[in-house]
Amino acid sequence: REAAIAAMETVVERGDEEVVASLVAIKENSKGWSRASGRPDWEVREAACLALGTVGTVDNDDALGALNKSLLDEKVQVQRAATYACGLIAERAAPKDFVWTFNNATAQ
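Predicted model, so just to flag it, every value in this text is computed and none were measured.

A. Layout of the environment of Lys75. By the element assignment, Lys75 lies in the loop between α5 (61-70) and α6 (76-93). Take Lys75: its relative accessible area is 32%, and that puts it in the partly exposed class. Taking the C-alpha atoms as reference, Lys75 lies 9.5 Å from Arg45; in sequence the two are 30 residues apart. Look past the residues within four positions of Lys75 in its chain and what remains in contact with it is Trp42 and Arg45.

B. Up close: the pattern of salt bridges. Across all of its chains, the model carries 6 salt bridges by this definition. A salt bridge links Asp41 to Lys31, with the shortest nitrogen-to-oxygen separation between them at 3.0 Å. Of this pair, Asp41 sits in helix α4 (residues 41-55) while Lys31 sits in helix α3 (residues 30-37); the two residues are 10 residues apart in sequence, bridging distant segments of the chain. The exposure class assigned to Asp41 is buried, which follows from its relative accessible area of 19%. Residue Arg39 is joined to Glu43 by a salt bridge in which the shortest nitrogen-to-oxygen separation is 2.7 Å. One network of salt bridges, with partners in common, ties together Lys31, Asp41, Arg45 and Asp73.

C. Expanded view of the packing of helix α2 (residues 17-28) against α5. Direction vectors running N to C along α2 and α5 enclose 25°, while the axes themselves pass 9 Å from each other. In terms of orientation, α2 lies roughly parallel with respect to α5. Crossing handedness for the pair α2 and α5: left-handed. Across the interface between the two elements, Val20, Val24, Lys27 and Glu28 of α2 pack against Asp62, Ala63, Ala66, Lys69 and Ser70 of α5.

Reading the values: the criteria
- Residues numbered from 1 in each chain as written.
- Predicted model: local features only at pLDDT ≥ 70, side-chain atom pairs only at ≥ 80, totals over all residues.
- Heavy atoms only, no water.
- Helix = DSSP H or I, 4+ residues; strand = E, 2+ residues; numbered from the N terminus.
- Buried < 20%, exposed > 50% of the residue type's maximum accessible area, 1.4 Å probe, protein only.
- Contact = heavy atoms within 4.5 Å.
- Salt bridge = Lys/Arg side-chain N within 4 Å of Asp/Glu carboxyl O.
- Axes fitted to C-alpha atoms, helices over the stretch in contact; angles between N-to-C directions.
- Parallel < 35°, antiparallel > 145°, perpendicular 65-115°, else oblique.
- Left-handed = near helix turned anticlockwise from the far one by under 90°.

Purely geometric stuff here, so don't read any function into it on its own.
Below, the structure written as structure tokens:
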């Protein structure tokens, strides 16, 4: 997953509405993607949240709405991924040195 997210960062433009819409659709149809990939559906939702955090911006209402919905997911792993993704989006939007998050703490 981490490798896929890192690759996405280099290929996809942040805020790309088409990519965001595709990721939201994948998250919302996790059971179908789960059958196709052979992975549990919560892993599909978790990966979609992480990807949304990578490409989403504060101006992407669809991305933020999907992440907000995921904060109430039945699986704690999906909730954590959504929380982390929201933090990634917030860090990019805030002025440098304005926001201190767990992401900052683990990078040191």
